[in-house]
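Here is how the chains run, residue by residue.
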2 protein chains.
Amino acid sequence: MNKQLILKNRPVGMPTEDTWSLVESAIPEPKEGEVLVQTHYISLDPAMRGWMNDSKSYIPPVALDDVMRAGTIGVVLKSNNHPNFNEGDVLTGWGGVQQYFTTNGEGHFKVDTSLAPMTKYIGALGMPGMTAYFGIQEVGKIKEGEVVLVSGAAGAVGSVVGQIAKIKGCTVVGVAGGPDKCKYVVETLGFDACVDYKNENLYTALKQNCPKGIDVYFDNVGGEILDAALSRIRRHARIVICGAISQYNETSVQGPKNYLSLLVNRATMQGMVVFDYADRYKEAAMQMGMWMMEGKLKTEEDVYEGIENFYETFTRLFSGDKRGKLVLKLIEE
Amino acid sequence: MNKQLILKNRPVGMPTEDTWSLVESAIPEPKEGEVLVQTHYISLDPAMRGWMNDSKSYIPPVALDDVMRAGTIGVVLKSNNHPNFNEGDVLTGWGGVQQYFTTNGEGHFKVDTSLAPMTKYIGALGMPGMTAYFGIQEVGKIKEGEVVLVSGAAGAVGSVVGQIAKIKGCTVVGVAGGPDKCKYVVETLGFDACVDYKNENLYTALKQNCPKGIDVYFDNVGGEILDAALSRIRRHARIVICGAISQYNETSVQGPKNYLSLLVNRATMQGMVVFDYADRYKEAAMQMGMWMMEGKLKTEEDVYEGIENFYETFTRLFSGDKRGKLVLKLIEE
C-alpha cells in the first residue's frame, strides 16, 4: 500500500494536525513512458507553509485534496519504457509527501549517490544549498572583506550562506536561537560570531558584533531581526529577502518599520526565488561538492522517521527544534 | 535687519509653531573671501522634517538654536574678494531660512536666470528635479513600454518623475490626493491615469489602472500606498524609495507589510539620496531645461510669501494643500 499525506484544510496561522490527512491506496502503476519511484526522504522547508495559502505566489498553491508538495529523493522501482530513467536510478524532484509515486520524469533529476549520501541531495546539494549559493553570491553580491549577517544561521540555508561568505573572505555573523545553536554556528561552521536572538538584545548584540555595520544581510526570518539588521546596515548594503519564517504563520505580516534605512544608506532589499537559477544548479552542486570534500563546507541533516510523523516534524521548522536540514525518512526498513 | 528662523525644539510628531523661533539681528558683514547673499526664495521640502530629528541620517541633523536648513536662491549683495562670485550673481545652495547670510561659497552654485526664473532653480532644475531625474532613471531603471506608478504625483518630485517616464515611453499612473490634483496630473502633466487615494480604494484602483501590474514604483509617501503598490508589482519590479511623507510625523513608522511581494516577484526595493549624483547635476539640468523648452516637461511652483509665514507654509507639505514645488518668497518688495 501507498501512504499519502493530503492537504485537507487551508490553515489560518499555524497548521494543525487536521490540516492534513494520511490516506492509503494501492501503489500506482507507471504508464507507458513513466517510472514508479519509492520515496526514501522528503525535504521539510519553511516555504511549504506558503504553498498552503490560496494566494498568488511564485508557484501555484497546493490544491485541497492533493498530495502535499515536498522535495523528495527516491529510487526508481519500475520503468515503463522511460527514455532516461531505469530501475535503481536515484531521482530527486517534487515527489510530494507520499511513499510511492509515478512520474514522466518532468522536474526530476538523476543523482549519483556514490558521491554523496541521499540526504545531501535534498540539503546542501539540493534546494536549500542552491538557495544559499545563488542568494548570497548573485543577490547579496558579497565581496571579500565585507561584513555579512545571516539569520537562521544554524538552518539548512543560513548555515551554507555563512560558510560560503567565509570562503569568499567575508566577516560573517550569524543569528540563531539558543546557546547550543550559536555554539554550533561558531565552533563547527566557523562563523566569526553568532547572536542568540532568544537570549540577547538584538540591537546591542549587533552593535557589538558588527561594529562597522553590515554590508550584506541574508534574511530567512523577517520580523524583529530584519528590523534590527536594517538599523545597522552600511551605505550601499544589500538585503537578500530569502524568507520570513517568523511571519509565515502570522495572519498579518509585520512589515520592516526600519525600511527607511534603505533610503539613508542607499541600500537595496531584493527578493529571490531559487528556481530562477535552475540552469546553473549543476555548476553550483559541483562547486559545493568540492567545498564539502575539501572540508570547507560542513552540512548536517536532522532526520526524523515515518510519514505518520510528518506533522510533528513539520512543526520543528517553526519551533526551531532542529539543526541543519530537516528531513523526514519515509522508507521503512 | 536680518530675520532668521531658528530651530528651538525637536518635534515629536508634527512640528508646531513653537518648534521654531523667528529672531532678528544685524545683517552680517562678509569676511575676506566671502560674499553676502540676500535670499529671494527658499525651497520647502519634505526632507526638512527628517533633518530635524536627532538621529543618524544622510546628513547631520539641524542643531538646536541653529538656523533651519533649507535650499535657497538669492543674489550676491556684496563680495569681499570672493574668487568666483561677484555682486549681482545669483546663487543657489544651502542658505537656510534667513533673509541674509554670508558664505565662502561652499555648496553654492551660480545660475543663469536668463535661462529660467529663479524659482525653477530650486524646483525642477534644483534638488527635486535632480531627485526625479536620477531616481527614476538610475534607480528605477525604466525601460520603454514599462508600467510606472508614481506617488505624490502632483508634487515637486513626482510630477517630474512621471513626465520623464512618459518621455521615455512608459505607461505612467500617478497617485495624488483629491480630484483637482488628479485632473492636473492627467490633463496638464500628461500621465495616463491618476488614482485619488483620498477618494478611491487603492487596491481596486491600482488593479483597474495597472491591469498588467507595475514594473517600477517611485515612492514618495510610504504607508498604505507603498503596500498597495507592492501588491501589484510584476516580476523583477523596482521600487525606488525616495521618501515617505506619510510617515515623517509618525512616532512609529509603518513598515510595508506586503514586503514579501519582493520575494515572490524577485523584485528590488532601493533607497536613494540625490546628493550621490552631484557630479552629474549639470548634465541633468541641461537635459531638463531642454525638455522644458520643448514643452515636454511642465513644472509649477506654488509660491507663498514672508518668512513670518514659514510655519503655515511648511505644514502644506504634509496637508498636501499645494501643487508642484512649494516655495517661500523671503524678499520683500
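Residues numbered from 1 in each chain as written. Chains lettered and ligands numbered in written order. Predicted model: local features only at pLDDT ≥ 70, side-chain atom pairs only at ≥ 80, totals over all residues. Heavy atoms only, no water.

## As for the side chain of His 108 of chain B
Residue and element names in this part refer to chain B. Summarising the element assignment, His 108 is placed in the loop between strand E6 (100-103) and strand E7 (109-111). We classify His 108 as buried; its relative accessible area is 8%. Among residues more than four places away in sequence, those in contact with His 108 are Thr 72, Phe 85, Leu 91, Thr 92, Gly 93, Trp 94, Gly 95, Phe 101 and Thr 103. (Helix = DSSP H or I, 4+ residues; strand = E, 2+ residues; numbered from the N terminus. Buried < 20%, exposed > 50% of the residue type's maximum accessible area, 1.4 Å probe, protein only. Contact = heavy atoms within 4.5 Å.)

## A short note on the sheet that holds strand E9 (residues 171-176) of chain A
If you trace the twelve strands from one edge of the open sheet to the other, you get E10(A)-E9(A)-E8(A)-E11(A)-E12(A)-E13(A)-E13(B)-E12(B)-E11(B)-E8(B)-E9(B)-E10(B), paired in mixed fashion. Strands at the two margins of the open sheet, each flanked by one partner only, are strand E10 (193-196) of chain A together with strand E10 (193-196) of chain B. The mean inter-strand angle of the sheet, taken between neighbouring strand axes irrespective of direction, is 15 degrees. Alignment of strand E12 (residues 233-241) of chain A against strand E13 (residues 268-271) of chain A, held across four bridges, turns out to be parallel. In the strand pairing of E13 of chain A, Val 240 of chain A is matched with Gln 270 of chain A. Across the face of the sheet, helix H2 (residues 127-139) of chain A comes into contact with strand E8 (147-151), strand E11 (214-219), E12 and E13 of chain A while running at roughly 150 degrees to E11 of chain A. (Pairing = 2+ DSSP bridges. Axes fitted to C-alpha atoms, helices over the stretch in contact; angles between N-to-C directions.)

## Notes on the domain arrangement of chain A
Residues and elements named next belong to chain A. The domain architecture assigned to chain A consists of domain 1 (2-123 + 300-329) and domain 2 (127-275). For domain 1 versus domain 2, the distance between C-alpha centres works out to 28 Å. Contacts between the two partners involve 22 residues from domain 1 and, on the opposite side, 15 residues from domain 2. Summing both sides of the interface, domain 1 and domain 2 together bury roughly 1500 Å²; the carbon and sulfur share of this comes to 65%. Across the domain 1-domain 2 interface, the total number found is zero salt bridges. Taken together, domain 1 and domain 2 are joined by six residue pairs in polar contact (both at pLDDT 80 or more). Elements represented by at least two residues in the side of domain 1 that touches domain 2 include exactly helix H1 (47-51) and helix H9 (310-319). Looking at the side of domain 1 that touches domain 2, the element that brings in the most residues is H9, giving three residues. Its residues assigned to classes, the side of domain 1 that touches domain 2 shows eleven nonpolar, five polar and six charged. (Domains from an automatic or database assignment. Buried area = accessible area lost by both parts, 1.4 Å probe. Salt bridge = Lys/Arg side-chain N within 4 Å of Asp/Glu carboxyl O. Polar contact = N/O pair within 3.5 Å; in protein donor to acceptor, adjacent residues only side chain to side chain. Nonpolar A, V, L, I, M, F, W, Y, C, P; charged D, E, K, R; others polar.)

## Description of unusual backbone geometry
What is expected of a backbone is that most residues other than glycine have negative phi and most peptide bonds are trans. Backbone geometry at Asp 65 of chain A places phi at a positive 70 degrees, although glycine is not the residue there. With respect to the secondary-structure elements, Asp 65 of chain A resides in the loop between H1 and strand E4 (72-79). Positive phi is not limited to glycine here, since Lys 141 of chain B has a value of about 50 degrees. Looking at where Lys 141 of chain B falls in the secondary structure, it is placed in the loop between helix H2 (127-139) and strand E8 (147-151). Its relative accessible area of 44% is what places Lys 141 of chain B among the partly exposed residues.

## Some thoughts on the environment of Asp 192 of chain A
Residues and elements named next belong to chain A. When you line up the elements, Asp 192 lands in the loop between helix H4 (179-188) and E10. Ignoring anything within four residues of it in the chain, the contact list for Asp 192 reads Lys 166, Cys 170, Thr 171 and Val 172. A polar contact of 2.9 Å, which involves the side chain of Asp 192, links it to the side chain of Lys 166. A polar atom in the side chain of Asp 192 sits 2.7 Å from the backbone nitrogen of Val 172.

## Thoughts on H2 of chain B
Residues and elements named next belong to chain B. Counting buried residues in H2 gives ten out of 13 residues, a clear majority hidden from the surface. Taken together, the buried positions of H2 are occupied by Pro 128, Gly 129, Met 130, Thr 131, Ala 132, Tyr 133, Phe 134, Gly 135, Ile 136 and Val 139. The positive-phi residue at the C-terminal boundary of H2 is Lys 141, with phi of around 50 degrees.

## So, the confidence of the model for chain A
Averaged over every residue, the pLDDT of chain A is 96; the share at 70 or more is 100%. Both scores are given for the predicted complex: the pTM is 0.95, the ipTM 0.94. (pLDDT = per-residue confidence, 0-100.)

## Thoughts on the environment of Lys 31 of chain A
Inspection of the secondary structure puts Lys 31 of chain A in the loop between strand E2 (20-25) and strand E3 (35-43). With relative accessibility at 58%, the residue Lys 31 of chain A sits in the exposed group.

## Things to note about the interface of chain B and chain A
Residue-level contacts link 33 residues of chain B with 32 residues of chain A. Between chain B and chain A, roughly 2600 Å² of surface is buried when both sides are summed, and carbon and sulfur atoms account for 64% of that area. Looking only at chain B, the three residues that lose the most surface to chain A are Tyr 259, Leu 263 and Arg 266 of chain B, adding up to 26% of its buried area. Scanning the region where chain B abuts chain A turns up two salt bridges. In this structure, Asp 276 of chain B and Arg 266 of chain A form a salt bridge, with 2.7 Å as the shortest nitrogen-oxygen distance. If you look at where chain B meets chain A, you find five residue pairs in polar contact (both at pLDDT 80 or more). Mapped by element, the contributors of at least two residues to the side of chain B that touches chain A are helix H6 (223-230), strand E12 (233-241), helix H7 (261-264) and strand E13 (268-271) of chain B. It is E13 of chain B that contributes the most residues to the side of chain B that touches chain A, four residues altogether. Residue composition of the side of chain B that touches chain A, grouped by class: 17 nonpolar, ten polar and six charged.

## Notes on the relation of the copies chain B and chain A
What relates the pair of chain copies is a rotation about an axis plus a shift along that axis. Overlay of chain B on chain A (RMSD 0.0 Å): rotation 180 degrees, translation along the axis 0.0 Å. Viewed as a symmetry operation, the transformation between the two copies matches a two-fold axis. When C-alpha distances to the rotation axis are compared across chain B, the minimum falls at Gly 255 of chain B, with a value of 2.1 Å. A shared interface surface links the copies, since 97% of the contact residues of chain B are contact residues in chain A too. (Least-squares fit on C-alpha atoms with pLDDT ≥ 70 in both.)

## Thoughts on the state of the cysteines
All names here are of chain A. Counted by the stated rule, this structure contains zero disulfides over all chains. You can see Cys 194 has no disulfide; the closest cysteine sulfur is in Cys 182, sitting 3.3 Å from it. Overall, the relative accessible area of 14% leaves Cys 194 in the buried class. (Disulfide = S-S within 2.5 Å.)

## Brief notes about empty space enclosed by the protein
Regions of empty space are outlined by a rolling probe, equal in size to a water molecule, passed over the atoms. One pass over the structure, following the stated rule, counts two cavities of 30 Å³ or more. If you add up the space inside the largest cavity, you get close to 60 Å³. For the largest cavity, the full set of lining residues is Gly 123, Ala 124, Ala 156, Ser 159, Val 160, Thr 299, Glu 300, Glu 301, Gly 324 and Lys 325 of chain B. Shared between two domains, the lining of the largest cavity holds at least three residues of each, these being domain 1 (2-123 + 300-329) and domain 2 (127-275) of chain B. Lining the second largest cavity, in full, are Gly 123, Ala 124, Ala 156, Ser 159, Val 160, Thr 299, Glu 300, Gly 324 and Lys 325 of chain A. Top element by residues in the lining of the second largest cavity is helix H3 (residues 156-167) of chain A. It accounts for three residues. (1 Å grid on protein atoms, 1.4 Å probe; cavity = no way out; pocket = protein on both sides within 12 Å on 5 of 7 lines; lining within 4 Å. Points joined across faces, edges and corners; volume = space filled by probe spheres on them.)

## Brief notes about the packing of helix H5 (residues 202-209) of chain B against H6 of chain B
Residues and elements named next belong to chain B. Their axes nearest at 10 Å, the elements H5 and H6 cross at an angle of 45 degrees. The angle between the axes of H5 and H6 places the two elements in the oblique class. The handedness of the crossing between H5 and H6 comes out as right-handed. Seen from H5, the contacting residues are Leu 202, Tyr 203 and Leu 206; seen from H6, they are Glu 224, Ile 225, Asp 227, Ala 228 and Ala 229. (Parallel < 35°, antiparallel > 145°, perpendicular 65-115°, else oblique. Left-handed = near helix turned anticlockwise from the far one by under 90°.)

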